[in-house]
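Close look at the chain arrangement
Here is what each chain is made of, one letter per residue.
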Amino acid sequence: MEETGSKRNKRAPSFTAEEMGVLVDEVWQHEKMSPSSPCGLRDWGAVRKKWQEFQSQTKKKSAKVRRESMGTGGGAPGGTTLTPDEEKVLSIIGKTASEGISGGIGVQWDEGLSESEDEEEPSGSGAGTCTPPGEDDPPQPCPVPARQPAGPGVRMRGGLTGRPAIMICTCSETLVRLEREKLMVLRGIEGQLERQTALQEEMVRINQKRLELHWRQLALAEAQFNCPSISVPIILPQDSEEVDKFLSGLGTGLMEYCSHIAVLGCELLGRFNMPSLFKQGDIMIGGIFPVFNKDISATWTFEGEPPGVKCARFDVRAFRWTQVMIFAIEEVNNDPAVLPNISLGYRILNSCSSPTNTLRAALTLASRPEEIDLTSPCPPAISALIAEAGSSQSLAVAGTLGPFQVPVVSYFSTCACLSDRAKYPTFFRTIPSDYFQAKALAALVKHFGWQWIGAIQSDNDYGRNGILAFTEEVKKLGVCVAFVGTVLRTYSKDKILDVIKKSTVRVILAFVPEGDFYPLMKEVVKQNITGIQWIASEAWITAIQPSTPEIYQAFGGALGFVVQKMAIPNLKPFLTGISPYTDPSAAFVRDFWEIMVGCRPVSKGELTATEAMNKICTGNETLMDNQDVFFNVRELRVSYNVYKAVYAIAHALHQLLFCQPVGEKMVRPCLITSEVQPKQVTDQLQKVNFRNQFGDSVFFDVNGDPPASYDIINWQLIDGQVQHVTLGHFSSDANGNYRLSIQEEEIVWRTGKMVPTSVCSNVCPAGTRKAQIKGKPSCCFDCITCADGTIANSTGSADCTPCPQEYWSNESKDECIPKTIEFLTYHEPMGIAITIVSLLGASLTLATMMVFLHYRETPVIKASNSELSCFLLFSLFLCFLCPLTFLGRPTVWTCMLRHTAFGVTFALCISCVLGKTIVVITAFKATIPGNKVAEKFGPAQQRIIVCFCTLIQIVICVLWLTLKPPFPDMVFKYSNKKIILECNTGSEAAFYAVLGYIGILAIICLVLAFLGRKLPDNFNEAKFITFSMLIFCAVWITFIPAYVSSPGKFTVAVEIFAILSSAIGLLLSIFAPKCFIILIKPEKNTKKHVMGKTVKKKNMIP
């Protein structure tokens, strides 16, 4: 920079991306560091720990610098001189800050300071000390720029300045201090408040709050990168949005700068005592496996450093997973098509099946390996992590490393909760989610008709979420879960065993990891709890440890789902080549060797008194001929998931480094290995989609899950060994449809060859329905016989189905049978009786008519008006035949005929009676001298009366048939078991109009006949007509209530009875006396007798 004395403003120049890269490289060179070293970005945790360690030592220095800064008013020391490197760094930061502001606001240099700032700035420790890169070099003071004289118009008194300044660190140890700048910014805003209006003051107050928030965010840099500084005054924007953008851009520039130059070296602040399998590579992949599946908890006194982690129960199965990971990495390194000229390294740790210890392992892998010498260059951290078997462990890892964008690929964690991309954005897995396994288990339960089952879950996320998903699925199918027991590692198993013994369930699902379930399995065998069909989750159905003849005694025939199996070529020679003598420092190998070989491998000089007491290996042992299931590589399931996880990461790295998928024409790398960031690997993993050498497609959906595909496993004892026999398959397609196929005839059940049953209540037989028992699950019920008219034609019906209207339930209530159709027939006794009476009445009427015709010249016949009598007999004949239309199955024609014929014939009949009555009265009135009524009421008038009265009824019937005619109808209201077929009148008004008209005629006849009852003739026909009308009216008056109240076919019978009764009454009342005289008393059939008067003689007593 030029000498002070003249005022000038220098705006930070604009740089292209290439120029900024060159400047950053020069800064790295200045700081004596390799530009390709990534430690600056990956050791922030170490920097923070370093700051906490030295916080107390630097507190006094910080206070001293703050006091001195306050004393100088915040201006830069006089004679400010920046080195070229400092200028470049400031230019980079100015460029970054200016990019955050619309219109561009850069860093300006203000060379003028107040006149009060002419004191000398303390040097040395007053400005802070920094440690150079060499560890043995003494601390050196940071370069302190010279102060410049104050310029006009800038007040620095009292710590106020019109132009706030921000501090930029330039030391090799770069520790940022921001206290001074925070005070200066706030005081500068106070000065501005004095010069603003009320509205502007409010806006500035809001800006002040925002500035405070941003300074608090930048205070994080103070905690991470604390060092002496130089002051660079900057322009403070007035607009709220520009303030936010400016500080955001400036903060980004500071963090980028400090992250590049704030490196303390690769020094571990602490270490976990965690043995590991390690191999250096260009790109490192981490692995966490439950090689030991039990965490031995220790009591912490909080008086010192916590004790180290102790694990027990070596898991041979998990150890094989670690070897498969190593084998797959070696395959990738030897494959020229995948990551050519780039080696993959690994570091594998033990989780002890504990979320706490898994978190320790994850944090250990996130930092640098402990095996590297502190003097060596910083090795790369892991780019991806393969972990973990347990869902709770994976939740801890994914939740911790997710914010740092480190991809985590699990091989055995199935909890559906891990599919939440909002919480676990970098989690992937090569095993299907429990969401799919729950559907598979529910489909299995439904397939075999199990309605009453128990469930056992582990006390972790895997068990709880798995059973929750399963219960939700089976509830949709009407299956009841009798109990849900929890396996607790730290408590006795007696409680859950008591529940199993007391329960009536015969099928139990165990959603528990192998390590938690195995102790319970041994207790079940010990207490001889048999007769239960076990359903297994994928966690233990193919596990090696419980697959023994001893456990088979209680768990034989178990069914469960596992991922597809695969045979990995060349894996067996790799496994048989494991030896503790190849690398004595390799973790877990000695424990494995002791289990496989039966002796403890000890190197020279390691023999202790304890080792001397145990069997010591000779060094000649080998695994080549070992027949343990560990070396059976033909049915690998979880191991295959580990294998796919390695290749998925390798393909993601290949796409990242070469910008093209594996298999395409090889080109030069588009990215160097030192620049690989975990976030980039995560993005490429989401895009991975390839077909491996076994023909399986490897890809992840939007939730990081693979496609669902399971094999159904059945435990069978073959040649004294427990075999996991595949007897079915469950798979899903892209549309969400599921398919379950099972070879039922090949299944070995715990109860034999018959499929076991598990119900709370036996299935209700046909004809009954379920009745829920209060206070018990829906699968516990009583069977209630269906009500009449309802049926249950299948077993296990929840409700009875009503029969159709024309049907009725049979006695067993399992079938609907047609109802009995009832109508008045000719064949039943009532129909026969009606037919006989009807025909008899018609015959009597014909006989009477024949008598009248034969004796038509006799006085009796002549006196009764033979013409009207014949009309009346003809109508009575029709009336007697009318009931025959009421018999038989109703049809449209018979229904219309029966009512209209009845109405017309009776109207004709009563019309004739009415005519006879009028004739009788007028005939006797003619005996009165001068009365000419008889002359006016001759035969023509009589016919007119009969025809007119009958015509009115005909008109009523025609209107009835035209507008709303009668029709056949089925009546169900009288009986549940019968259908009454009858003729519906169609119109009740028309029907009662017909009856009413007949009733009116009958009443007129009755009145006229009653008036002429005392005429002075021996043969007074008016008396007989009066009597017949009384009978007729009495019959039809009683007919109406009887007709309305009679059910079914008896309604028709009542109507027929009324017709026949009234017809017989008319026939007998009017014609019987005449026939009696004609046939029995012919001597009275004379004109003298008919016309003579009756003289009553009184007997005289002498």
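About the cut-offs
- Residues numbered from 1 in each chain as written.
- Predicted model: local features only at pLDDT ≥ 70, side-chain atom pairs only at ≥ 80, totals over all residues.
- Heavy atoms only, no water.
- Disulfide = S-S within 2.5 Å.
- Helix = DSSP H or I, 4+ residues; strand = E, 2+ residues; numbered from the N terminus.
- Buried < 20%, exposed > 50% of the residue type's maximum accessible area, 1.4 Å probe, protein only.
- Pairing = 2+ DSSP bridges.
- Phe/Tyr/Trp six-rings, centres within 6.5 Å; stacked < 30°, edge-to-face > 60°.
- pLDDT = per-residue confidence, 0-100.
- Contact = heavy atoms within 4.5 Å.
- Axes fitted to C-alpha atoms, helices over the stretch in contact; angles between N-to-C directions.
- Parallel < 35°, antiparallel > 145°, perpendicular 65-115°, else oblique.
- Left-handed = near helix turned anticlockwise from the far one by under 90°.
- Patch = residues over 30% accessible without salt bridge, like charges linked within 9 Å, V, L, I, M, F, W, Y side chains within 5 Å.
- Areas by Shrake-Rupley, 256 points an atom, 1.4 Å probe, with all protein chains shown as cover.
- Salt bridge = Lys/Arg side-chain N within 4 Å of Asp/Glu carboxyl O.
- Polar contact = N/O pair within 3.5 Å; in protein donor to acceptor, adjacent residues only side chain to side chain.
- Nonpolar A, V, L, I, M, F, W, Y, C, P; charged D, E, K, R; others polar.

Taken as a whole, this structure holds ten disulfides when the rule is applied. Shown here is the disulfide that connects Cys786 with Cys800, its sulfur atoms set 1.9 Å apart. Across the disulfide from Cys786 to Cys800, rotation about the S-S bond amounts to roughly -80°, and the bridge is consequently left-handed. Taken together, the residues Cys786 in the loop between β26 (781–785) and β27 (790–791) and Cys800 in the loop between β27 and β28 (801–802) connect sequence positions 14 residues apart. Of the two residues, Cys786 and Cys800, both sit in the buried class. The residue that forms a disulfide with Cys803 is Cys816, at a sulfur-sulfur distance of 1.9 Å. Residues Cys803 and Cys816 are joined through a disulfide that is left-handed, its torsion about the S-S bond being -90°. Taken as a pair, Cys803 in the loop between β28 and β29 (807–809) and Cys816 in strand β30 (residues 816–818) lie far apart in primary sequence, 13 residues in all. Across the pair, Cys816 and Cys803 agree in class, each one buried. The thiol of Cys1005 is not disulfide-bonded; the next cysteine sulfur, from Cys949, is found 8.3 Å away.

Next up on the list: the pairing of strand β22 (residues 709–718). Across the ten residues that make up β22, a large majority, seven, are buried. Relative to β22, strand β19 (residues 559–563) is paired through five bridges, and the arrangement is antiparallel. Note on β22: the bridge partner recorded for Gly560 is Ile713. Bridge count between β22 and strand β23 (residues 721–732): ten bridges; the pairing is antiparallel. Bridge pairing in β23 links Asp711 to His729. Between β22 and β23, which pair antiparallel one after the other, the connecting turn spans two residues, and Asp719 there sits at a positive phi close to 55°.

The next thing to look at is the packing of aromatic side chains. Scanning the entire structure with this criterion turns up 40 aromatic pairs. With a centroid separation of 5.7 Å and an interplanar angle of 85°, the aromatic rings of Trp540 and Trp715 are classed as edge-to-face. Of the two residues, Trp540 sits in the loop between β18 (533–536) and α15 (549–555) while Trp715 sits in strand β22, which places them 175 residues apart along the sequence. Like Trp715, Trp540 is buried.

It is worth spelling out the confidence of the model for the protein chain at this point. Chain-level statistics for the protein chain give a pLDDT mean of 74 and a share of 69% at 70 or above. Segment residues 254–266 is flagged for pLDDT under 50; beyond a separation of four residues in sequence, or across chains, it makes 42 contacts in the model. In this model, residues 371–380 is a region of pLDDT below 50 whose contacts with residues beyond four sequence positions or in other chains number 20 contacts.

Pairing is mixed in the open sheet, where six strands are placed in the order β7-β11-β8-β12-β13-β14. Every interior strand has two partners, whereas the edge strands, β7 (276–279) and β14 (427–429), have only one. The average angle at which neighbouring strand axes cross in this sheet is 20°, direction not considered. Relative to strand β13 (residues 408–410), strand β12 (residues 382–386) runs parallel, the two being bridged by two bridges. Residue pairing across strands places Leu385 opposite Val408, the latter belonging to β13. Across the sheet, helix α9 (residues 355–366) touches β8 (283–289), β11 (344–350) and β12, and the angle it forms with β11 is around 155°. Here helix α10 (residues 391–401) sits on the sheet and contacts β8, β12, β13 and β14; the angle it forms with β13, its principal contact strand, is near 165°.

On to the packing of helix α21 (residues 829–854) against helix α29 (residues 1049–1080). With their axes 10 Å apart at the nearest point, α21 and α29 run at an angle of 25° to one another. It follows from the interaxial angle that α21 and α29 lie roughly parallel. For the pair α21 and α29, the sense of crossing is left-handed. Here Met830, Ile834, Val837, Ser838, Gly841, Leu844, Thr845, Thr848, Val851 and Phe852 of α21 come into contact with α29, specifically with Phe1050, Ala1053, Ile1056, Leu1060, Ile1064, Leu1067, Phe1071, Lys1074, Cys1075, Ile1078 and Leu1079.

On to the environment of Pro802, then. Position of Pro802 relative to the elements: it lies in strand β28. The class of Pro802 is exposed, set by a relative accessible area of 57%. Each C-alpha atom of the pair Pro802 and Ala792 lies 8.9 Å from the other, and the pair is ten residues apart in sequence.

For the rest of this paragraph, the subject is a nonpolar patch on the surface. A contiguous nonpolar patch, built from Leu951, Ile954, Val955, Val958, Leu959 and Leu963 and spanning about 550 Å² of accessible area, is present on the exposed surface. Within the secondary structure, Leu963 is located in helix α26 (residues 939–963).

Here three strands make up an open sheet; going across it, the order is β31-β33-β32 and the pairing mixed. Each edge of the open sheet carries a strand with a single partner, namely β31 (820–822) and β32 (967–971). Put simply, the sheet's adjacent strands are angled 30° from each other on average, direction ignored. Sheet analysis places β31 next to strand β33 (residues 978–984), joined by three bridges and oriented parallel. When the bridges of β33 are listed, Glu822 appears paired with Ile980.

Attention shifts here to the pattern of salt bridges. For the structure shown, the criterion picks out 14 salt bridges. Between Arg317 and Glu514 there is a salt bridge; the shortest N-O distance is 3.6 Å. One end of the pair, Arg317, is in helix α8 (residues 316–334); the other, Glu514, is in helix α14 (residues 514–526), and 197 residues separate them in sequence. For the pair Arg317 and Glu514, a shared accessibility class is recorded, and that class is buried.

Position of Thr358 among the secondary structure elements: in helix α9. Within the structure, Thr358 has its side chain in polar contact with the backbone oxygen of Ser354 (distance 2.7 Å). In this view, Thr358 contacts Ile288, Ser351, Glu388, Gln393 and Val397; residues no more than four positions away in its chain are not counted.

The amide bond that connects Ala387 to the next residue, Glu388, takes the cis arrangement and shows omega of -5°. Among the secondary structure elements, Glu388 is positioned in the loop between β12 and α10. Located in the positive-phi region is Arg313, a residue other than glycine, with phi close to 65°. Residue position: Arg313 is located in strand β10 (residues 310–314). Even without a glycine there, the phi angle at Cys352 is positive, about 60°. A relative accessible area of 0% places Cys352 in the buried class.

With that out of the way, let us pick up the packing of helix α23 (residues 866–881) against α29. Relative to each other, α23 and α29 sit at 155°, their axes nearing to 9 Å. Accordingly, the angle class assigned to the pair α23 and α29 is roughly antiparallel. Where α23 crosses over α29, the two elements pack in a sense that is left-handed. Of the residues in α29, those in contact with Ser869, Leu872, Leu873, Leu876, Cys879 and Phe880 of α23 are Ile1059, Leu1060, Ala1063, Ile1064, Leu1066, Leu1067, Ile1070 and Phe1071. Here the contact of α23 with α29 is built from residues that sort into 13 nonpolar, one polar and no charged.

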